[in-house]
Amino acid sequence: FSDIEQFTDICEGMEPERMAFVINTYLGEMSNIAIKYGGTIDKFIGDACMAFWLTDESDESVLNAVRSLMLIKKEVEALNKNHPLMAKDPIHIRMGLNTGKVILCDIGASNARVDLTIIGDAVNIASRLESASKNYGLDHLISEETVNRTNGNFEYRLIDRVIVKGKQTPVQCYQLISEKGCATKNQQKLLETFDKGLQAYFREEFTVALKTFEQSQRFEPSKIKTAKNPSLVFAERCQRLIELKPENWQGVWEFTTK
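Trainee: So what exactly am I meant to see when it comes to unusual backbone geometry here?
Mentor: A negative phi angle characterises most non-glycine residues, just as the trans form characterises most peptide bonds. Despite not being glycine, Glu204 shows a phi value in the positive range, around 70°. Among the structural elements, Glu204 can be located in the loop between helix 7 (185-202) and helix 8 (206-216). Owing to a relative accessible area of 37%, Glu204 belongs among the partly exposed residues under this scheme. Backbone geometry places Lys245, a non-glycine residue, at a positive phi of 50°.

Encoded structure:
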């Protein structure tokens, strides 16, 4: 799933023709990437897009989905830098990627309209990961199921163990950092330091975790429109947990909104 961040705010005062041009330019570029890497565009919902990769038990489709996410991020950066309209009003996107069993079937009203689409719990989780990424100041989140089938090809950062809205089972979610072996020194420092803080956080050692997240904050990439990042989010969370002294700590954070 993908969506343009705060597009309603961006569109305020924008002419409808210009709005349509920006949406179509972005959706066209990202669709080209997904299709090139074996994906299928399921549907567009305004500025949002849903795509899927279906195959047999091979992991090639999972790899292609992650490759597509990486290239879409790069393409959006290029559009924001080089496109006349988007350079003036850059767009920022959020994406959620999950792997699991789905059903491809017709959904709709037989006397009006029927769409061929995928349904299943795996689809719902991908949607929730897209919306949850904003809580960390990230442009995407990827599920553990996806990471486990592509870990030999990419560098990931474990972000959190969460229960997303409408679910009861925790999901481990990750950030894609780079292709395997291509992380910069700053990214390697971020991965190492942030993970130390996260492991202390899971062990309920909130004071140690807080100090470590303050250190990893130095290695977070700069953001154009937001000061929020995972290190800052966890540092603030640890400060609250030190005061609250939670009982029966499981290291899982629950989101009550989409």
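Let's pick the thread back up.
Trainee: Would you take a moment to explain helix 5 (residues 121-132) for this structure?
Mentor: Since the α-helix turns once every 3.6 residues, residues separated by three or four places project in the same direction. Over its 12 residues, helix 5 runs 16 Å from end to end, which matches the ideal 16 Å to within 8%, given 1.5 Å per residue. The buried count for helix 5 comes to nine of 12 residues, which makes it a mostly enclosed element. Three or more residues of helix 5 are buried, namely Ala122, Val123, Ile125, Ala126, Arg128, Leu129, Glu130, Ser131 and Ala132. On the buried face of helix 5, the contacting elements are strand 1 (2-4), strand 3 (48-52), strand 4 (93-97), strand 6 (113-119), strand 7 (140-143) and strand 9 (171-179).

Trainee: So what exactly am I meant to see when it comes to the side chain of Asn64 here?
Mentor: Among the secondary structure elements, Asn64 is positioned in helix 3 (residues 60-82). Sequence-distant contacts of Asn64, that is, excluding residues within four places in its chain, are made with Tyr37 and Trp53.

Trainee: Sorry if this is basic, but what is going on with the pairing of strand 8 (residues 154-163) here?
Mentor: Two faces make up the sheet, and in a regular strand the side chains alternate between them. Among the 10 residues in strand 8, eight count as buried, and that is most of the element. As judged from the eight bridges shared by strand 8 and strand 9, these two strands associate in the antiparallel manner. Pairing of Tyr156 across the sheet is with Leu176, part of strand 9. Where strand 8 meets strand 10 (residues 253-254), two bridges bridge the pair, whose relative direction is parallel. Bridge assignment links Val162 to a residue of strand 10, and that residue is Trp253.

Calculation criteria
- Residues numbered from 1 in each chain as written.
- Predicted model: local features only at pLDDT ≥ 70, side-chain atom pairs only at ≥ 80, totals over all residues.
- Heavy atoms only, no water.
- Helix = DSSP H or I, 4+ residues; strand = E, 2+ residues; numbered from the N terminus.
- Buried < 20%, exposed > 50% of the residue type's maximum accessible area, 1.4 Å probe, protein only.
- Expected span 1.5 Å × (residues − 1).
- Contact = heavy atoms within 4.5 Å.
- Pairing = 2+ DSSP bridges.

Functional significance is not addressed by these values, which are geometric in nature.
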